[in-house]
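If you want the building blocks of each chain, they are given just below.
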Amino acid sequence: MKKHLQFRFAVLMVLLLSSTVFFAQSTISGIVKDNNNQAIPGVNIIIKGTTMGTTSDFDGNYSIANVPNGEYTLIASYVGYDNFKKQISVNSKNMTVDIVIKENAESLDEIVITGVTNPKSKIASSISITTIKPNVIAQSAPRTTAEIFRTIPGIRSESSGGEGNSNIAVRGVPVSSGGSKYVQLQEDGLPVLLFGDMSFATADIFTRFDNSIGRIEAIRGGSASTLSSNSPGAIINLISKNGKNEGGSLGTTFGLDFDSFRTDFDYGAPISEGLYFHVGGFYRVGEGMRETGFTANNGGQFKFNLTKEFKNGYVRLYTKLLNDRAIAYLPMPIAVSGTNSNPSWANARNFSATRGTSHTPYLMQNVGLGADGQLRRSDVSDGMNPMSKSIGLEASFDLSEGWKINNNGRFSVNNGNFVSPFPAQVATANDIASSFGAGSTLQFANDGSAVSGNSLVSRIHMFDVELNNFNNFMNDFKLSKTFDKVNVTLGYFKSIQNVSMSWLWNSYLQEVNDTNARLINVFDAANNPLSENGLYAYGTPFWGNLHRNYDTKYNVSAPYASVSIEASEKFNIDASIRFDNGNVDGSFAGGSSREFDVNNDGVISVPEQNVFAVDNSNVTTVNYDYNYVSYSLGLNYKLQDNQAVFARLSKGAAAKADRILFSGLEYTNSDRINALDFITQAEFGYKRGFEKGSLYATLFFANTKEEGGFEATSNSIIENDYKSAGIELEGTYKFSDKFDIRGGVTYTNASIESGANKGNAPRRQPDFIYSFIPTYNFGKTNQNAIGLSFIGQSKAFAQDNNELILPGFTIVNSFVNVGVTKNLNANLSVNNLFDSLGITESEEGSIVENQVNIVRARPVPGRSISMGLTYSF
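Since we're looking at a predicted model, the values are computed, not measured.

(A) Structural context of the overall build of the protein. Helix and strand counts for the protein stand at four helices and 54 strands. Relative to the globule expectation of 29 Å for 873 residues, the C-alpha radius of gyration of the protein, 30 Å, shows essentially globular dimensions. For the protein, the C-alpha atoms occupy an extent of roughly 140 × 55 × 50 Å along the three principal directions. Residues counted as buried form 57% of the 873 residues belonging to the protein. If you take every contact in the protein between residues at least 6 apart in sequence, the share linking residues at least 24 apart comes to 67%. If you sum the accessible surface of the protein, you get close to 33900 Å²; carbon and sulfur atoms cover 54% of it.

Okay, structure coming up:
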């Protein structure tokens, strides 16, 4: 009986202890969001030292049940984000722990999609790639899209032209004719334009960064040669948000010391299970960073995408509407003294290099004969006026037995204008007057007063270009098959790019003055007028007249293939080949002059005696083909989980469009057309991830063989071969939760390998380009931040003759971000804090030493201060 009682007592105690343990268990739950307040699905949440854990669901929610009492560390991890850690104490009560994880653009585990046939992590990719997220972009306080690219190692972005018209080069490969000849700008994986260096229609003119962009991926060299056309140097891909996680923002930014007002917005959310959308865009208006005397920037962009997910893939419909007017800053008069090797750059008389511009409210219209021979009028305030309406469809599906199919296609209707004054000559009034004949004199057009003989006068060529038709169709199809450790991809790229533009330029005289510059009339020795209200020629006789019209079409087909082999757990091999075939047809025409009463006053003035127009009766037929083969071979070896080395050899080419429609070639003979420029590259890289940072180092070598292209500003054909070698370093380091630094530096040793300038350095190629961005976070939850960015370059030569030096410069930008409330942030940013004078290009290649020279050059804008408020929801 006693043993029976003891047994019953033991059973009772076990039940009591079991119930105590049972009732001492709790549930930990919450929601996972990023620092933009967007919910994130698929995040791993574990309790350190236990087997308990879960993943966040579609809406970011998570729940871990039956957690015993105790002290624990809750850890959340997700690819591309910093790990989240929090000490928690479980004490018989359910707990809510909301998690905020911060994006980490430098994670070696982050998946990249640009320049690869199948998405891979950075640690497994044998390419040099940089990912930039919006929060990092804001730290460099950019004023234009091209200024963002200055923080990409290896990329030299001469972003002094405003919102477009930038020169973008990579790793010592030259800026031989303007634009981004060897660097392709993409939006969501497809080229914005087939060619990046078309005169007055560079790809960045049709590209805008706003809140709809989720990240920018940039690859240099590597597989850029084989996975896109005309991009052997680099691909910069702007990737849109998709709305899979609900959230958005509304922000307003305005200039404090310059006239600018801009509103950005974006919002995305699931509509139903597997169906979600995103919408975003901006609108801005203002005078801009330089004083023009009129509204120079006015327009915006609207983007929308809709995604439907299926069990084995997705379909995404996307569209863009861009109609923006942005001022184009062309070279300006700058005073240069000293010697070519040690020049002193300063403001010209009455003209600030950092704040002035040749634009003036006295010259707002350009009148003449259009491409059809009819009278037409353009508005100088249109500046760079890209108009783009595009619609695209992307579909990706995993098929059975390792097959995968992807197709991305887009049709764009592109047109617009480019209108901006270019100083073809800057000289004293006496010198300008004498060019019209002995005894000629100058008078201000507004009041008839005489122009002082030693004052500075600009001979203005009004770059007035109608971008008639730049419509394009882009489609990239990929079919891949995975065989255990081998992946094979077959692709086919198709593009049709129209290039139709009309050059309708006139010539004016105006004073050199950065405040409402007055127009100038010229009179002969008998005081007869040779001009009307500053206009002295309907054309550009100083350059031999350049009225032109193109109507051409570029039809490109490019099949390609890629194979990647996982030779072992650590060793990857990939190889790819591409065959580009282009067919070009159309025509171009020069100009001719005739007498025409432009102002309809019944009197033929001197300028009206020779009114230039497009000579449509004498056109040159364009009909030729081109083809080239590109290849790339890459090896990647993972030394450890956080270390890898890679090597790559590649060859590619960039085809020319309108840049060769000047030189009198046989445009119906494919064998006689210099349509291609080639680049052969090799690179060796090292990637290393640390607990608090990352480091990327790449040695690169490039040989470029150019067959010549036309540059309008120098009115010349540029044809050279080049070689370059250097090293590219990029890294981040987080000293603490509050202080971190990121940066990059590129050293390049480049030389010209042919022609009269053989052995010289290519023009505008500095030995060093660099960017460093330290940031300090503060506040109870680190909701506030302050930081600086240092962006600069060493000295370079103005032209290939290697005489005049462009001094090195550092542009310091700063920002302060204050979390006013949980979702409301205020931002104060200063671009070019110290108002530094940085020269990106010069038309002149030499000066007369030990006297004051006036050089036409493009300086970076001076100091500008803006403030913004952003509400995230």
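Continuing now.
(B) Layout of the sheet that holds strand β23 (residues 332-338). Spatially, four strands are ordered β24-β23-β53-β52 in an open sheet, and the strand pairing comes out antiparallel. Two strands in the sheet have a free side with no partner beyond their single neighbour: β24 (343-347) and β52 (839-842). When the angles between neighbouring strand axes are averaged without regard to direction, this sheet yields 50 degrees. Two strands pair when backbone bridges link them, and β52 and strand β53 (residues 853-859) are joined in this way by three bridges, in the antiparallel orientation. Bridge pairing in β53 links S842 to A857.

(C) How the structure looks around unusual backbone geometry. With a phi close to 65 degrees, F200 is a non-glycine residue in the positive phi region. Within the fold, F200 resides in the loop between β15 (190-191) and β16 (213-220). The class of F200 is buried, set by a relative accessible area of 10%. Phi is positive for D835, which is not a glycine, with a value near 55 degrees. Position of D835 relative to the elements: it lies in the loop between β51 (824-831) and β52.

(D) View of the environment of T319. Relative to the helices and strands, T319 resides in strand β22 (residues 313-325). Given a relative accessible area of 30%, T319 falls into the partly exposed group. Between the C-alpha atoms of T319 and S390, which are 71 residues apart in sequence, the distance is 5.4 Å. Residues within four places of T319 in sequence aside, it is in contact with F302, K303, F304, S390 and I391.

(E) Focus on the sheet that holds strand β3 (residues 53-55). Spatially, four strands are ordered β3-β2-β5-β6 in an open sheet, and the strand pairing comes out antiparallel. Edge positions in the open sheet fall to β3 and β6 (84-90), since each of these has one partner strand only. Averaged over all adjacent pairs, the angle separating strand axes in this sheet is 20 degrees, with direction ignored.

(F) Representation of the side chain of T540 within the structure. Within the secondary structure, T540 sits in the loop between β35 (535-537) and β36 (548-566). Among the residues examined, T540 registers a relative accessible area of 0% and is labelled buried. Excluding its chain neighbours within four sequence positions, the residues that come into contact with T540 are H461, W505, N506, S507, N545 and L546.

(G) The pairing of β22, seen in detail. Of the pairings in the sheet, the one linking strand β21 (residues 297-310) to β22 comprises 13 bridges and is antiparallel in character. Bridge pairing in β22 places N305 opposite Y318. Once β21 ends, the chain turns through two residues before running back antiparallel as β22.

(H) The arrangement of a nonpolar patch on the surface in detail. Side chains of F684, L699, F701, I727, L729, Y747 and F768 sit close together on the surface and give an oily, nonpolar patch of about 580 Å² of accessible area. If you list the elements that add at least two residues to the nonpolar patch, you get β41 (693-705) and β44 (721-734). Positionally, L699 belongs in strand β41.

(I) Region of interest: the pattern of salt bridges. For the structure shown, the criterion picks out 29 salt bridges. Here K181 makes a salt bridge to D677, at a shortest N to O gap of 2.7 Å. Of this pair, K181 sits in the loop between β13 (167-170) and β14 (183-187) while D677 sits in strand β40 (residues 676-690); the two residues are 496 residues apart in sequence, bridging distant segments of the chain. Taken individually, K181 and D677 each receive the classification buried, so the pair is uniform in this respect. For R220, the salt bridge identified is with E730, shortest N-O distance 3.9 Å. One end of the pair, R220, is in strand β16; the other, E730, is in strand β44, and 510 residues separate them in sequence.

(J) Representation of the packing of aromatic side chains within the structure. Enumeration over the complete set of coordinates arrives at 28 aromatic pairs. Taken together, a centroid distance of 6.2 Å and an interplanar angle of 50 degrees make the contact between F463 and W543 tilted. Of the two residues, F463 is situated in strand β30 (residues 456-469) and W543 in the loop between β35 and β36; the sequence distance between them amounts to 80 residues. Taking relative accessible area as the criterion, F463 reaches 1% and is therefore assigned buried. The exposure class assigned to W543 is buried, which follows from its relative accessible area of 14%. For R290, the ring lying beneath its charged end belongs to Y329, and the centroid distance is 5.6 Å. The ring of F310 has K308 lying over it, and the distance from NZ or CZ to the ring centre is 5.9 Å.

(K) Structural context of the confidence of the model for the protein. Residues at a pLDDT of 70 or more form 92% of the protein, whose mean pLDDT is 89. Confidence drops under pLDDT 50 across residues 11-23; counting only partners more than four residues distant or on other chains, this segment forms one contact.

(L) Examining the pairing of β13 more closely. Covered by surrounding structure in β13 are N167 and A169 together with I168 and V170, the residues of both alternating faces. In this structure, strand β12 (residues 155-158) lies alongside β13, joined through four bridges in antiparallel fashion. Across the sheet, R156 pairs through a bridge with A169, a residue of β13.

(M) Representation of the environment of R290. Of note, R290 is situated in the loop between β20 (275-288) and β21. Those residues in contact with R290 that sit more than four places away from it in its chain are Y329, M332, S352, A353, T354, R355, G356, T357, P859, V860 and P861. In terms of polar contacts, R290 uses its side chain to reach the backbone carbonyl oxygen of G356, at 2.8 Å.

(N) Up close: the nonpolar core. Of all hydrophobic cores here, the largest spans 75 residues; its most connected members are F149, I216 and Y626. Look past the residues within four positions of I216 in its chain and what remains in contact with it is T130, T131, I132, I137, I148, F149, F209, I236, N237 and L238. One finds I45, Y81, M95 and V97 within the second-largest nonpolar core, a separate group that totals 21 residues.

(O) Representation of the side chain of S180. Relative to the helices and strands, S180 resides in the loop between β13 and β14. Take S180: its relative accessible area is 3%, and that puts it in the buried class. Within the structure, S180 has its side chain in polar contact with the backbone oxygen of V183 (distance 3.1 Å). Other than its neighbours up to four places away in sequence, S180 contacts I168, G196, D197 and A203.

Cut-offs used in this document
Residues numbered from 1 in each chain as written. Predicted model: local features only at pLDDT ≥ 70, side-chain atom pairs only at ≥ 80, totals over all residues. Heavy atoms only, no water. Helix = DSSP H or I, 4+ residues; strand = E, 2+ residues; numbered from the N terminus. Rg over C-alpha atoms; globule rule 2.2 N^0.38 Å. Buried < 20%, exposed > 50% of the residue type's maximum accessible area, 1.4 Å probe, protein only. Contact = heavy atoms within 4.5 Å. Areas by Shrake-Rupley, 256 points an atom, 1.4 Å probe, with all protein chains shown as cover. Pairing = 2+ DSSP bridges. Axes fitted to C-alpha atoms, helices over the stretch in contact; angles between N-to-C directions. Patch = residues over 30% accessible without salt bridge, like charges linked within 9 Å, V, L, I, M, F, W, Y side chains within 5 Å. Salt bridge = Lys/Arg side-chain N within 4 Å of Asp/Glu carboxyl O. Phe/Tyr/Trp six-rings, centres within 6.5 Å; stacked < 30°, edge-to-face > 60°. Lys NZ or Arg CZ within 6 Å of the ring centre and 35° of its normal. pLDDT = per-residue confidence, 0-100. Polar contact = N/O pair within 3.5 Å; in protein donor to acceptor, adjacent residues only side chain to side chain. Core = buried A, V, L, I, M, F, W, Y, C linked by side-chain atoms within 4.5 Å.

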